[in-house]
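# Summary of the model geometry
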Amino acid sequence: WLRYAAGMAATVLLAITAWYLWPAADTPAGKTIAASHIEYQCNGGERETFVLPDGTTVKLNSNSSLIVPDNFSKETRSVSLKGEAFFDVAHDAARPFIITTHQMQIRVLGTSFNVKAYEEDNVFETAVIRGSVEVTLARNSQKVVLHPNEKISLNNSAVTAVRWEPAAAKQPGAPEKIATVQPVTRNRDSSIVEISWTEDKLAFAGERFPDMIKKIERWYNIKVLFANEEVAARLQEERLTATFHNEKLELVMEALQLANGKFHYRLDKEGNVVITE
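Everything numeric here is computed off the predicted structure, so don't read it as measured data.

## Quick notes on the packing of helix α3 (residues 209–220) against helix α5 (residues 249–260)
The N-to-C vectors of α3 and α5 enclose an angle of 170°; their axes lie 11 Å apart at closest approach. With respect to α5, the axis of α3 lies roughly antiparallel. Contact residues: F209, M212, I216 and Y220 in α3; L249, V252, M253, L256 and N260 in α5.

Now the structure itself:
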């Protein structure tokens, strides 16, 4: 009887354990259930769209994660972002929607905007498409309000924010490391560069070569390697403006190569790009 009872107890314990673990196994791909939050994740080369409990639509870019706490949408709608995401926030005047990143916090009531906050990047950005947002800089708690078709670009070591004015930008003695508020960047077809990725377009707008490389690595889930430091140093300040729609990696690299003619490349056996002389 004791052996039978022990066996039944073990079976019940196993069933209870499985019941607690089952929701995590049954969760859709890219989402992980934790004790106090849900985390949405996108790996390199992936882009996903999902809807939060309040009706807000979020598009998550490659190598990005969004943490949504269990108490989301009760009093305030707060999330934490690493990487890049486009938000179309459901309007709710009583409950602001707040996004916290490494360098800034964004507060809105109902609007659509893009946030780029990769911690390894030199620049963080918030670009507003519709409505307005309030951005608070983490370094000094300075607040900046953005309106439609405006963006704020924040240097990773920035301490203050200013409105962009061409005449004032050239004044001697102006601080070099600042956050600037300026119009969003538009392609030749008037589409907005900052949200091109949401349409499966890899867009460059006069960006430095190292920044383009980071985008390419995330987009194709590969690594870009340099054969030596001399090649890397020579390409530091090279720039390109171009848009690629669902193009293969080889075509993008050939365009970069033709644009400056200062390097060659090959693909290694893992599919990574190796840049040579």
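## Regarding the pattern of salt bridges
Scanning the model with the defined rule gives 13 salt bridges in all. With a closest N to O distance of 2.6 Å, D92 and R95 form a salt bridge. A salt bridge links K151 to E125; its shortest N-O distance comes to 3.5 Å. Separated by 26 residues along the polypeptide, K151 in strand β13 (residues 150–155) and E125 in strand β10 (residues 123–130) bring together distant segments of the chain. Residue K151 shares its accessibility class with E125, and that shared class is buried. By sharing partners, the salt bridges in this structure join K116, E120, D121, K214 and R218 into a single network.

## Overview of the pairing of strand β7 (residues 97–100)
Pairing between strand β6 (residues 77–88) and β7: four bridges, direction parallel. When the sheet's bridge partners are listed, V79 is paired in β7 with I99. Inspection of the sheet shows β7 paired to strand β8 (residues 104–108) by four bridges, in the antiparallel sense. Opposite T100, over in β8, you have Q105 as the bridge partner. Joining the antiparallel neighbours β7 and β8 is a turn of three residues.

## Comments concerning the sheet that holds strand β20 (residues 273–276)
Reading across the sheet, the three strands line up as β17-β20-β19 and stay open at both edges, with mixed pairing between neighbours. Every other strand in the sheet has two partners, leaving β17 (224–226) and β19 (264–267) as the edge strands with one partner each. Neighbouring strand axes in the sheet, compared pairwise and without regard to direction, differ in orientation by 25° on average. Strand direction decides the pairing type here: β17 and β20, joined by three bridges, are parallel. Among the inter-strand pairings, V224 is bridged to a residue of β20, identified as V273. Packed on one face of the sheet, α3 meets β17 and β20 and runs near 140° to β17.

## Structural notes on the nonpolar core
Membership of the largest hydrophobic core comes to 33 residues, with the highest contact counts inside it found for L66, F87 and F113. At four residues, the largest contribution of residues to this core is made by β6. In this view, L66 contacts I38, E39, Y40, F50, V58, L60, V79, S80, L81 and F87; residues no more than four positions away in its chain are not counted. I195, V224, L235 and I275 belong to the second largest nonpolar core, which has 28 residues in total.

## Digging into α3
Here α3 is 12 residues long and its end C-alpha atoms lie 16 Å apart, about the 16 Å a rise of 1.5 Å per residue gives. Within α3, the full set of buried residues consists of F209, M212, I213, I216, R218 and W219. Elements in contact with the buried residues of α3: β16 (201–208), β17, β18 (239–245), α5 and β20.

Procedures and definitions
- The numbering scheme is per chain: residues are counted from 1 as the chain's sequence reads.
- Local features in this predicted model are restricted to residues of pLDDT 70 or higher, and side-chain atom pairs are both shown and tallied only at a pLDDT of 80 or more, whereas totals for entire chains, interfaces and linings draw on every residue.
- Where side-chain values are given, they derive from all heavy atoms of the structure, hydrogens and water being excluded.
- Axis definition: a line fitted to C-alpha atoms, limited for helices to the stretch in contact. Angles are taken between N-to-C directions and run from 0 to 180 degrees.
- A helix here means a DSSP run of H or I that spans at least four residues, while a strand means a run of E at least two residues long, and both kinds are numbered starting from the N terminus.
- An angle below 35 degrees is read as roughly parallel, one above 145 as roughly antiparallel, one from 65 to 115 as roughly perpendicular, and any other as oblique.
- The contact definition used throughout considers only heavy atoms, calling two residues in contact when any of these lie within 4.5 Å.
- Note on definitions: salt bridges are taken to be side-chain nitrogens of Lys or Arg within 4 Å of carboxyl oxygens of Asp or Glu.
- Each residue's exposure class comes from its accessible area (1.4 Å probe, protein chains only) as a fraction of the maximum for that residue type: buried when under 20%, exposed when over 50%, partly exposed otherwise.
- Pairing between strands is defined by DSSP: at least two bridges between them are needed.
- Among buried residues, those of type Ala, Val, Leu, Ile, Met, Phe, Trp, Tyr and Cys that are joined through side-chain atoms within 4.5 Å constitute a nonpolar core.
- Multiplying 1.5 Å by the helix residue count minus one yields the expected span of that helix.

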